[in-house]
Amino acid sequence: MKIGVLGGTFDPPHIGHLVIAQEVWWRLGLDKVLFVPAGEPWHKAGEEVTPAHHRETMVRLAIAGDPRFELSRVDLQRPGPTYTVDTLTELRQIYPPGTEFYFILGTDALAQLPSWRSPERLIELARLVVVPRPGFEGVDLRLLEVQIPGLERAVEFVEIPRVGISSSEIARRLAMGGPVRYLVPDPVYEYIKAHKLYLPSPEALRRDDP
């Protein structure tokens, strides 16, 4: 079995995530792609993150009805900061021996891989599928190989349609009252509206008062 793993904060999930998952599923002939929302993303320590139950529900809504995609709660159930090496270790315990894992990440994340927890173990647990990130193209794989021996053999680059949107940009638009309807799946858009997510903080509103 060949399983893609798309982790992230998903704050909120958007059409770019779905495009990435579909293209990797198709180009690599995967059986399915797991969407794995982070519980406490380590790289966002100290930042405000939407509560996990909202992010989980939005991911469920985003992938509902697509049998190629599945939500995994492994990072939501584990206490403490979310590290990819722990995610993949747990997934290997859940799925049968011989399952091949393909961890999906952007070129920007690949460049930061030496700062991740146990990157040398990570490339033993999964093949790294790297997709382009608009505005970030340059990755010196030879330099990364010096820092993480064996990385070059573990990496596969997959070209996908460029969708230049991000969760942080969507959140900023919502905070400013901007439109996001066609940047997120319709059920996610309706959920955001119903639960009044990503609204300006009272402090921001007071700062804007004349």
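The model shown is predicted, which means the values in this text are computed figures rather than measured ones.

A. Structural context of the environment of glutamate 159. Following the sequence through the fold, glutamate 159 ends up in the loop between strand E6 (155-157) and helix H9 (167-175). In this structure, the C-alpha to C-alpha distance between glutamate 159 and glutamate 23, residues 136 residues apart in sequence, is 8.3 Å.

B. Molecular detail of the sheet that holds strand E1 (residues 2-8). Taken in spatial order, the 6 strands of this open sheet run E3-E2-E1-E4-E5-E6, and their pairing is parallel. Two strands bound the open sheet, and with one partner strand each, they are strand E3 (69-71) and E6. On average, adjacent strands in this sheet sit at an angle of 30° to one another, irrespective of strand direction. Against the sheet, helix H2 (residues 52-63) touches strand E2 (32-37) and E3, its axis set at about 160° to E3. Lying on the sheet, helix H4 (residues 84-94) is in contact with E1, E2 and strand E4 (100-106); it crosses E4 at an angle near 155°.

C. Summary view of the pattern of salt bridges. Taken as a whole and judged by the stated rule, the model has 14 salt bridges. With a closest N to O distance of 3.0 Å, arginine 162 and glutamate 159 form a salt bridge. On the basis of relative accessibility, which here comes to 44%, the residue arginine 162 falls in the partly exposed class. Residue glutamate 169 pairs with arginine 173 through a salt bridge whose shortest N-O separation is 3.8 Å. Taken as a pair, glutamate 169 and arginine 173 lie in helix H9 at a separation of 4 residues, close to a single helical turn.

D. Structural view of unusual backbone geometry. In this structure, the amide linkage connecting aspartate 11 to the following residue, proline 12, adopts the cis form with an omega of 0°. Among the secondary structure elements, proline 12 is positioned in the loop between E1 and helix H1 (15-28). The backbone phi angle of lysine 196 is positive, close to 50°, even though this residue is not glycine. Mapped onto the secondary structure, lysine 196 falls in the loop between helix H10 (186-195) and helix H11 (202-208). Its identity as a non-glycine residue notwithstanding, tyrosine 198 has a phi of 65°, on the positive side. Looking at where tyrosine 198 falls in the secondary structure, it is placed in the loop between H10 and H11.

E. Structural detail: the packing of aromatic side chains. Enumeration over the complete set of coordinates arrives at 4 aromatic pairs. Taking 5.8 Å as the distance between ring centres and 35° as the angle between the ring planes, the aromatic pair formed by phenylalanine 10 and phenylalanine 35 counts as tilted. Here the residue phenylalanine 10 occupies a position in the loop between E1 and H1, and phenylalanine 35 occupies one in strand E2, the gap between them amounting to 25 residues. Relative accessible area serves as the criterion here: at 2%, phenylalanine 10 is assigned to the buried category. When its relative accessible area of 2% is taken as the criterion, phenylalanine 35 is described as buried. Measuring from ring centre to ring centre gives 6.2 Å for phenylalanine 103 and tryptophan 116, while their planes differ by 80°; the resulting arrangement is edge-to-face. Of this pair, phenylalanine 103 sits in strand E4 while tryptophan 116 sits in the loop between helix H5 (107-111) and helix H6 (119-125), and the two are 13 residues apart along the sequence. Tryptophan 116 gets classed as buried once you look at its relative accessible area, which sits at 17%. Connected via pairs of aromatic rings, a cluster forms that spans Phe10, Phe35 and Phe69. Across from the ring centre of tryptophan 25, 4.8 Å away, lies the NZ or CZ of arginine 68, which sits over that ring. Sitting over the face of the ring of tyrosine 83, arginine 117 holds its NZ or CZ atom 3.9 Å from the ring centroid.

F. A look at H1. Here H1 spans 20 Å end to end across 14 residues, near enough to the 20 Å set by a 1.5 Å rise per residue. Taken together, the buried positions of H1 are Gly16, His17, Leu18, Ile20, Ala21, Glu23, Val24 and Leu28. Two residues or fewer after H1 comes glycine 29, characterised by a positive phi angle close to 65°.

Definitions and cut-offs
- One numbering rule holds for all chains: residues counted from 1, following each sequence as written.
- Local features in this predicted model are restricted to residues whose pLDDT is 70 or higher, and side-chain atom pairs enter the listing and the counts only when it is 80 or higher, whereas totals over whole chains, interfaces and linings include all residues.
- Side-chain calculation: all heavy atoms of the structure are included, whereas hydrogens and water are not.
- Each helix corresponds to a stretch of at least 4 residues labelled H or I by DSSP, and each strand to a stretch of at least 2 residues labelled E; elements are numbered beginning at the N terminus.
- The rule for pairing is simple: two strands pair if DSSP sees at least two bridges between them.
- Lines fitted to C-alpha atoms define the axes here, with helix axes fitted over just the stretch in contact, and angles between the N-to-C directions of these axes take values from 0 to 180 degrees.
- The contact definition used throughout considers only heavy atoms, calling two residues in contact when any of these lie within 4.5 Å.
- Salt bridges are counted wherever a side-chain nitrogen of Lys or Arg sits within 4 Å of a carboxyl oxygen of Asp or Glu.
- Any residue under 20% of the maximum accessible area for its type is buried, any over 50% is exposed, and the rest in between are partly exposed; the area is computed with a 1.4 Å probe on protein chains only.
- Aromatic contacts are taken between Phe, Tyr and Trp rings whose centres are within 6.5 Å, Trp giving its six-membered ring; a plane angle under 30 degrees counts as stacked, one over 60 as edge-to-face, and the others as tilted.
- Criterion for a charge above a ring: Arg CZ or Lys NZ at most 6 Å from the ring centre, at most 35 degrees from the ring normal.
- Here the expected length of a helix is defined as 1.5 Å per residue gap, with one fewer gap than residues.

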